[in-house]
Amino acid sequence: MVQAYILIQTDAGRATSVAETISVFDGVIQAEDVTGPYDVIVRARADTVDELGRMVVAKIQRVEGITRTLTCPVVHL
């Protein structure tokens, strides 16, 4: 199991709708609109890194209003 935080920048005024849209995707644990350099932070999980990558590219990045994503996998040191 792989978990990651996905940091998302959106068009102005789109953070809430982006978070609501993403929150129902399979594998999404939580999606919150936030303040700061990113507009939405998503916590997601997948069986493999490849599956996580497909989720980000095929689902999340296609949501209208998203301008940039940064995926940060969780590591256990």
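In this report, the structure presented in the accompanying data block is examined. (Residues numbered from 1 in each chain as written. Predicted model: local features only at pLDDT ≥ 70, side-chain atom pairs only at ≥ 80, totals over all residues. Heavy atoms only, no water.)

**Comments concerning helix 1 (residues 15-22)**
Right, on to step 1. For helix 1, every residue scored as buried is listed here: Ala15, Val18, Ala19 and Ile22. For helix 1, the arc enclosing every buried residue in end-on projection is 95 degrees, short of the 170-degree limit, so these residues lie on one face. (Buried < 20%, exposed > 50% of the residue type's maximum accessible area, 1.4 Å probe, protein only. Helix = DSSP H or I, 4+ residues; strand = E, 2+ residues; numbered from the N terminus. Arc of directions from axis to C-beta.)

**Points about helix 2 (residues 49-59)**
Right, on to step 1. Among all positions in helix 2, only Leu52, Met55 and Val56 are buried. End-on, the buried residues of helix 2 take up no more than an arc of 90 degrees, which puts them together on one face. When the buried face of helix 2 is taken as reference, the exposed residues oriented beyond 90 degrees from it are Asp50, Arg54 and Val57.
Right, on to step 2. Here the buried face of helix 2 lies against strand 1 (2-10), strand 2 (28-33), strand 3 (40-46) and strand 4 (66-73). (Contact = heavy atoms within 4.5 Å.)

Such coordinate-based values are descriptive only and should not be taken to indicate function.
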